[in-house]
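Here are the chains, one letter per residue:
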Amino acid sequence: MRLIVKGAHLVDPAQGIDGVRDVAVNGSTVIEVAENIETSSGDMVLDARGLHLFPGLIDIHVHFREPGQEYKETIASGSRAAAAGGFTAVAVMPNTNPVNDNAEITRFILEQAHVAGMCRVYPVGAISKELKGEDLASIGELADAGCIAVTDDGMPVSSSMLMRRGMEYAKGFNLTVISHCEDMSLAAGGCMNEGEVSALLGLPAIPAEAEEVMVARDIMLSRLTGARLHLAHLSTIGSVELLRLAKGYGLNVTGETAPHYFTLTDEKVRTFDAVYKMNPPLRSAHDMEAVRAGIQDGSLDAIATDHAPHAGDEKECEFEAAMNGVIGLETSLALALKLHFDHGVDLNRIVAALTCGPAAALGIPGGTLGPRKLADMTLVDMNEKWVVTPETFYSKARNCPFAGMELRGRVVRTITAGRTVYKDGSITAVNMGTAEILP
Amino acid sequence: MGFVAKDLIAIEPLEAADIIAILDTAEGFLDVSRRDVKKVPALRGKTVVNLFFEPSTRTRVSFEIAEKRLSADTINFSSTGSSTSKGETLLDTVKNIEAMAPDILVIRHPAAGAAQFVADRTSAAVINAGDGRHEHPTQALLDLMTIRQKKGGFDGLKVTIVGDIANSRVARSNIFGLNKLGAKVTLCGPGTMLPNKHEALGVEVTSRLEAALEGADVVMALRIQKERQSTPTFPSDREYAKYFGLNSQVIDLCEPDVIIMHPGPVNRGVEISSNLLDGSRSVVLGQVENGVAVRMAVVYLLAGGVAQ
């Protein structure tokens, strides 16, 4: 039996498609994409006229906190938030407790994802044991167990030599190295961007250069080692320029940014509300413009949320004492679309940064709807307006800095492996494997 | 013109008229401290809680004397260390104190924004007695009061602030206040102690003490805040005193009637020489006296009193 998604406006940048298409699915795989697919009596037909259809969205930077901090988020709750946000695949960062620095933890994550996951969950392993930046983690075993990349996200690798070794070693196992770029000594425990606002507020501040010097270092180390490097959560003018430079050199370097960096600036910190605290911090308006331009010209390959759930009391405290991070899975697409609606960014660039861009950066499947590709799809009503209400989120956490914002463009259905996991505001299954094929 | 607000968290959001109203009210309270019976009944029946999360002697004493001279019931709560190390969160502390229905909270805290955080979560009036490196509004008000007494006004005054500006909440509050009142502010210190984006502050910046002092009407030396430095910002006390310390020689570059100020406590012989500190141009003790009057005025106004 085939599922035919009929009449939607397909945007699939990897194939250069931007128009009305029918998509035929058999089981978990796409079999045909065409302007008109004849249906027969055995087919299940999903009438998607008036909707936009994207390849299933991919978020390559999320924190699901499991194992160890299940009070913040779990693989079950996080992946539900993903499905509700239109994401069919996520890459989970290794800074769990215990750290995902060995195959046992990787297998645990994959098992949890199998039992309770609503989307594909790709584990990312650690570069160093316990993220301590001292000894290499068991990167080969991590790769064998299913990790698709390695990173010490959250605890940047300060030693250039260890980063070199990590890149050389990971390269042999065909893993991308994801770098959280931050010179910790220069950041010096700061909690907001260094700039005019920090000059007024007196909060300990982190200069843009704390990010940029490490972006520069890691680009050079990628040149030295030939390793595939992906730069996480870029937030500054200099970082975007350095990424462009690296691509100009022909290096195997990709980069991502997050919705908060192209939506908000450090002006928000004037409230001393820690919902605006994350690392890297919200930057200046000039940086925000540079990030938008980087998405428009394709220098930035991916939009990733850095979805970082925290409990209420971890944010409702002194700004300096609050935890870093914001949640983003249930707002990412609409914030990205805002770039299109309000700031003239090409829709194809936005969709690429949410689909084929991140897939290519980490070498994972999906991101396009060609024949024999994964039947992962996101159906979107591009005209529906909605107000961000964190209380209604599927995520356990409420640390969303976009509460109250009116956004345009809403996910109406998320289909993973040919099965509908989210439809019209509701999760429709216990897990991805038991979801139904729905018209 | 009055000053009506729930809280006093910072100088930055105030209007010049607000500042003048507070200073005028403070002038009226100076007299109370000079009487035989140093008490007025203005705040009888009001409860003021002094919440000090950071060591302080002079600010706490100044507030307490001010509150007592207004006949308020005062309670001191001291606790050092951040909320995370202490076990109880700032939010819990505030909720507990709120449950006891105080009228005014005076808060000093090592984290910038802590006073705002508390003010947003209590119906009591909140007075910021210093929050991290952010602001110390009553210190700036007493400094402004002292300057006005000595100079008659602010328009066109050259005020030079020397020292660890980047780490100083006193400097930040004074800069905002002086700018609003029409003074010209020059900051001086080693590059490591100057704020990076000083354009936002609307000030002149130099690392040459001579240039900073030339023609100054008011010079304010700041305490070297060793406790707020994570990495060294100057080589030694000796070198600091040589290039940035105020002494009787270098001060001659200022206007002849210059006044010398310091928020205390002083590192004698480092940011300022003893000769200068104890000399005729120093107004340091006048600052302290004004401190009580300014705090009486702020407590009085936030408790609903009418500006004078």
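Residues numbered from 1 in each chain as written. Chains lettered and ligands numbered in written order. Predicted model: local features only at pLDDT ≥ 70, side-chain atom pairs only at ≥ 80, totals over all residues. Heavy atoms only, no water.

Trainee: So what exactly am I meant to see when it comes to the nonpolar core here?
Mentor: As a rule of thumb, nonpolar side chains are buried together in soluble globular proteins. The biggest cluster of nonpolar side chains holds 86 residues, and the ones touching the most others in it are V90 and L231 of chain A. Both domain 1 (2-53 + 372-382 + 407-434) and domain 2 (55-362) of chain A contribute no fewer than three residues apiece to this core. Formed by 65 residues, the second largest nonpolar core is a distinct cluster that contains L157, A171, L201 and L222 of chain B. (Core = buried A, V, L, I, M, F, W, Y, C linked by side-chain atoms within 4.5 Å. Buried < 20%, exposed > 50% of the residue type's maximum accessible area, 1.4 Å probe, protein only. Domains from an automatic or database assignment.)

Trainee: Explanation requested: the domain arrangement of chain A in the structure shown.
Mentor: The extent of an interface is frequently quoted as the accessible surface area lost upon association of the parts. Residue and element names in this part refer to chain A. Per the domain assignment, the segments of chain A are domain 1 (2-53 + 372-382 + 407-434) and domain 2 (55-362). One C-alpha centre belongs to domain 1, the other to domain 2, and the line joining them spans 28 Å. Residue-level contacts link 29 residues of domain 1 with 29 residues of domain 2. Around 2300 Å² of area is buried between domain 1 and domain 2 when both sides are counted, 66% of it from carbon and sulfur atoms. Here R120 ties to D376 by a salt bridge, and the two come within 2.6 Å at their closest N and O atoms. (Contact = heavy atoms within 4.5 Å. Buried area = accessible area lost by both parts, 1.4 Å probe. Salt bridge = Lys/Arg side-chain N within 4 Å of Asp/Glu carboxyl O.)

Trainee: Before we go on, may I ask you to explain helix 4 (residues 90-99) of chain B in this structure?
Mentor: Because each turn of an α-helix spans 3.6 residues, side chains separated by three or four positions in sequence point in the same direction. Residue and element names in this part refer to chain B. Of the residues making up helix 4, those classed as buried are L90, L91, T93, V94 and I97. Buried residues of helix 4 fall within an arc of 160° about the axis and therefore sit on the same side. For helix 4, the exposed residues lying more than 90 degrees away from the buried face are K95 and A99. One or two positions beyond helix 4, positive phi appears at A101, with a value near 55°. (Helix = DSSP H or I, 4+ residues; strand = E, 2+ residues; numbered from the N terminus. Arc of directions from axis to C-beta.)

Trainee: Looking at this structure, how should I read the packing of helix 11 (residues 332-343) of chain A against helix 12 (residues 347-354) of chain A?
Mentor: Residues and elements named next belong to chain A. Packing of helix 11 against helix 12 brings their axes to within 9 Å, and their N-to-C directions diverge by 155°. If you check the angle between helix 11 and helix 12, you find them roughly antiparallel. As helix 11 runs across helix 12, the sense of the crossing is right-handed. For the pair helix 11 and helix 12, the contacting residues are S332, L333, A336, L337, L339 and H340 in the first and L347, I350 and L354 in the second. (Axes fitted to C-alpha atoms, helices over the stretch in contact; angles between N-to-C directions. Parallel < 35°, antiparallel > 145°, perpendicular 65-115°, else oblique. Left-handed = near helix turned anticlockwise from the far one by under 90°.)

Trainee: It is not clear to me how the interface of chain B and chain A should be interpreted in this structure. Could you clarify?
Mentor: Across the contact, 21 residues belong to chain B and 19 residues belong to chain A. Taken together, both faces of the contact between chain B and chain A bury some 1800 Å²; the carbon and sulfur share is 57%. Considering only the side of chain B, the residues that lose the most area to chain A are A112, R133 and K197 of chain B, jointly responsible for 23% of the buried surface there. For the pair chain B and chain A, the interface holds two salt bridges. A salt bridge links R270 of chain A to E12 of chain B; the shortest N-O distance between them is 3.3 Å. Applying the counting criterion to the chain B and chain A interface returns eight residue pairs in polar contact (both at pLDDT 80 or more). Mapped by element, the contributors of at least two residues to the side of chain B that touches chain A are helix 4, helix 5 (114-119) and helix 7 (169-181) of chain B. With three residues, the single largest contributor to the side of chain B that touches chain A is helix 5 of chain B. Classifying every residue of the side of chain B that touches chain A by side-chain character gives ten nonpolar, six polar and five charged. (Polar contact = N/O pair within 3.5 Å; in protein donor to acceptor, adjacent residues only side chain to side chain. Nonpolar A, V, L, I, M, F, W, Y, C, P; charged D, E, K, R; others polar.)

Trainee: Quick question: what am I supposed to make of unusual backbone geometry here?
Mentor: For residues other than glycine, phi is negative in most cases, and the peptide bonds are mostly trans. Omega for the bond connecting E66 of chain A with P67 of chain A falls within 30 degrees of zero, at 10°, which places this linkage in the cis form. Along the chain, P67 of chain A turns up in the loop between strand 6 (57-62) and helix 1 (75-84). In the segment running from G264 of chain B into P265 of chain B, the intervening peptide bond is cis, with an omega of -10°. Within the secondary structure, P265 of chain B is located in the loop between strand 9 (259-261) and helix 10 (274-278). Its identity is not glycine, yet A188 of chain A carries a phi of approximately 50°, on the positive side.

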